[in-house]
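# Structural characterization, general
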Amino acid sequence: MAEEMAQAQPRLTAPRSVRCIVKLGGAAITNKGELESINEENLRSACAQLRHAMSESDGDGAMEKVLGMDWSRKPGDPVDPAVDAEWIAGIARLGLDTNFVVVHGAGSFGHFQASRSGVHKGGLHSTLVKAGFVATRISVTSLNQEIVRALAREGIPSVGMSPFACGWSTQQRKLASANASQIFQSLHAGFVPVLHGDAVLDELLDCTILSGDVIIRHLAQLLSPKYVVFLTDVHGVYDRPPTDSNAVLLREIEVDDIGGWSIVKPALLQGNTKGVEISVAAHDTTGGMETKILEAAVIARLGIDVYITKAGTEHSLRALKGDVSTDSEDWLGTIIRSSK
Ligand SMILES: Nc1ncnc2c1ncn2[C@@H]1O[C@H](COP(=O)(O)OP(=O)(O)OP(=O)(O)O)[C@@H](O)[C@H]1O
Ligand SMILES: C=C(C)CCOP(=O)(O)O
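Quick notes on the rules
- Residues numbered from 1 in each chain as written.
- Chains lettered and ligands numbered in written order.
- Predicted model: local features only at pLDDT ≥ 70, side-chain atom pairs only at ≥ 80, totals over all residues.
- Heavy atoms only, no water.
- UniProt positions renumbered as here; feature names shortened; annotations may be inferred.
- 1 Å grid on protein atoms, 1.4 Å probe; cavity = no way out; pocket = protein on both sides within 12 Å on 5 of 7 lines; lining within 4 Å.
- Buried < 20%, exposed > 50% of the residue type's maximum accessible area, 1.4 Å probe, protein only.
- Helix = DSSP H or I, 4+ residues; strand = E, 2+ residues; numbered from the N terminus.
- Expected span 1.5 Å × (residues − 1).
- Polar contact = N/O pair within 3.5 Å; in protein donor to acceptor, adjacent residues only side chain to side chain.
- Pairing = 2+ DSSP bridges.
- Near = heavy atom within 4 Å.
- Sits in = over half its atoms within 2 Å of the grid points.
- Salt bridge = Lys/Arg side-chain N within 4 Å of Asp/Glu carboxyl O.
- Disulfide = S-S within 2.5 Å.
- Axes fitted to C-alpha atoms, helices over the stretch in contact; angles between N-to-C directions.
- Contact = heavy atoms within 4.5 Å.
- Nonpolar A, V, L, I, M, F, W, Y, C, P; charged D, E, K, R; others polar.

### Comments concerning the UniProt feature "binding site: substrate" (unreviewed entry) in the chain
This chain's UniProt record puts "binding site: substrate" (unreviewed entry) on Ala 106, His 111 and Gly 212. The annotated residues occupy 107 residues of the chain but converge on a single region, no pair of C-alpha atoms lying more than 12.0 Å apart. The subset of the named residues that lines the largest pocket consists of Ala 106, His 111 and Gly 212. A relative accessible area of 10% places Ala 106 in the buried class. Examined against the element boundaries, His 111 turns out to sit in helix 5 (residues 111-117).

Next up, the structure:
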């Protein structure tokens, strides 16, 4: 009996060293202005680049034949999916370094439902908020499934995990309970966990919206990855909204011990005391680029380099491979790192 109980307890040991935690930003993998619309090209490219970054082979990372893992039948498919069971059985190992965690944002899934009903502000006694909570979860979990499928089609052994369903909750929007044992165990078993920004219960507000950016910071604290990558729809952090033609890309930001940060590159902005000007879309319930920068600064203070760059570019591939340094003049993106 005691043995059975011991087996039933989750293993709480930290996993093998995690190489990278990556955020697939909602602005990149969805068409943000169009309700529940996936940016198929960006999603496909992000998944292919992830596979490439995980590949253990020396070449360009592309296996001759990818072991597709989405075996479900999609609408319009005439017959059952062809699964070459003999070929698969003959493959000794995947040849992928799967020590990655993927977190995605909501983009045009979830934010609209949440902002329309006010889920982010709480108050589950309101029927509108309750309905909005359900609608938000339907929307983000359906996006999660599409992302897991896209990764699986690239042969990445991914498993979807919803923070709400894993019992994660907040207290006044700050993470209060976030058991990661299922994530640890999945990594141990060779799976790539795929989490997402979610609607969660809040001890004071009843409910709120937990951003993928906050999830990434929490996981970075728990898993100490080698580096963290945020892929989005712009090249990185600019000194003002990139819609302004005078916006300058901040190439390197240094974070000190107490969380203060300063611009290192470009040199012309060194000593800039005005800070960064940010605009956030009206329906965005989680703070947009501002939240990303704040969470990235916390991660950098841990001594973990953070790369923010545009999805579907040569720069995103280099970031996913960890092939970026402060000397990389030809890399387009923002590096946020510790000053130590
Ligand atoms: N100073 C700034 N620097 C960079 N981007 C900015 C700035 N101000 C506003 N933005 C906007 O921030 C957006 C990216 O942040 P956002 O949070 O939407 O990204 P995401 O993580 O990809 O999306 P989601 O939160 O849906 O997952 C860009 O579309 C950009 O226009
Ligand atoms: C709107 C919901 C449900 C999640 C938001 O997550 P984010 O897009 O990562 O900020």
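### Some details on helix 8 (residues 212-223)
Over its 12 residues, helix 8 extends 16 Å from the first C-alpha to the last, a length consistent with the 16 Å expected when each residue adds 1.5 Å. Within helix 8, 10 of the 12 residues are buried, which leaves it mostly tucked inside the rest of the structure. Here helix 8 has its buried residues at Gly 212, Asp 213, Val 214, Ile 215, Ile 216, Arg 217, His 218, Leu 219, Ala 220 and Leu 223. Where helix 8 begins, one side-chain oxygen reaches toward the backbone nitrogen of Asp 213, 3.0 Å away; that side chain belongs to Ser 211. A positive backbone phi angle near 40 degrees is found at Ser 224, which sits one or two residues after helix 8.

### Details of the pairing of strand 9 (residues 227-232)
Among the six residues of strand 9, six are classified as buried, and the element is accordingly described as predominantly covered. Alternating residues of strand 9 divide into Tyr 227, Val 229 and Leu 231 and Val 228, Phe 230 and Thr 232, and every residue in both groups is buried. One ladder, built from five bridges, connects strand 1 (residues 20-24) with strand 9; its direction is parallel. Bridging from a neighbouring strand, Cys 20 pairs with Tyr 227 of strand 9. With six bridges joining them, strand 9 and strand 12 (residues 305-310) adopt parallel strand pairing. Residue Val 229 lies in a different strand from strand 12, and its bridge partner there is Tyr 307.

### A closer look at the site of ligand 1
Neighbouring ligand 1 are 25 residues, the closest being Gly 26, Lys 32, Thr 232, Asp 233 and Lys 292. At 3.1 Å, a side-chain N or O of Lys 23 approaches an oxygen atom of ligand 1. At a separation of 2.8 Å, an oxygen atom of ligand 1 approaches a polar side-chain atom of Asp 233. Among the detected pockets, ligand 1 sits in the largest pocket. Counting only elements with at least two residues in the shell around ligand 1, the list comes to helix 2 (26-29) and helix 9 (288-301).

### Brief notes about the pattern of salt bridges
Applying the stated criterion across every chain yields a total of 18 salt bridges. Ionic pairing is found between Asp 97 and Arg 19, a salt bridge with its closest N-O pair at 3.0 Å. Linking Asp 97 in the loop between helix 4 (85-89) and strand 2 (100-104) with Arg 19 in the loop between helix 1 (2-8) and strand 1, this pair joins segments that are 78 residues apart in sequence. By the burial criterion, Asp 97 is buried, and Arg 19 matches it. Overlapping salt bridges bring together Glu 252, Glu 254, Lys 265, Glu 329 and Arg 337 as one network.

### Re the state of the cysteines
For the structure shown, the criterion picks out zero disulfides. Cysteine Cys 47 is unpaired, with the sulfur of Cys 20 as its nearest cysteine sulfur at 14 Å. No disulfide involves Cys 166; its sulfur sits 19 Å from that of Cys 207, the nearest cysteine.

### Focus: the sheet that holds strand 1
The strand order 3-6-2-1-9-12-13-10-11 describes an open sheet built from nine strands, whose pairing is mixed. Edge positions in the sheet fall to strand 3 (158-160) and strand 11 (261-265), since each has one partner strand and no second. Taking the axes of each pair of neighbouring strands and ignoring which way they run, one obtains an average angle of 20 degrees across the sheet. Pairing analysis gives three bridges linking strand 3 to strand 6 (residues 192-196), with the strands arranged parallel. For Val 159, the partnering residue across the bridge sits in strand 6 and is Pro 193. Where helix 7 (residues 181-188) meets the sheet, its contacts fall on strand 2, strand 3 and strand 6, and the angle it forms with strand 6 comes to roughly 150 degrees. Across the sheet, helix 10 (residues 314-321) touches strand 1, strand 2, strand 9 and strand 12, and the angle it forms with strand 9 is around 160 degrees.

### Comments concerning the site of ligand 2
Among the 14 residues in the neighbourhood of ligand 2, the closest are listed as Ala 106, His 111, Ser 211, Gly 212 and Thr 286. Separating an oxygen atom of ligand 2 from a backbone N or O atom of Ala 106 is a distance of 2.9 Å. Gly 212 places a polar main-chain atom, nitrogen or oxygen, 2.8 Å from an oxygen atom of ligand 2. The cavity that encloses ligand 2 is the largest pocket. Here the residues of the shell around ligand 2 sort into three nonpolar, nine polar and two charged.

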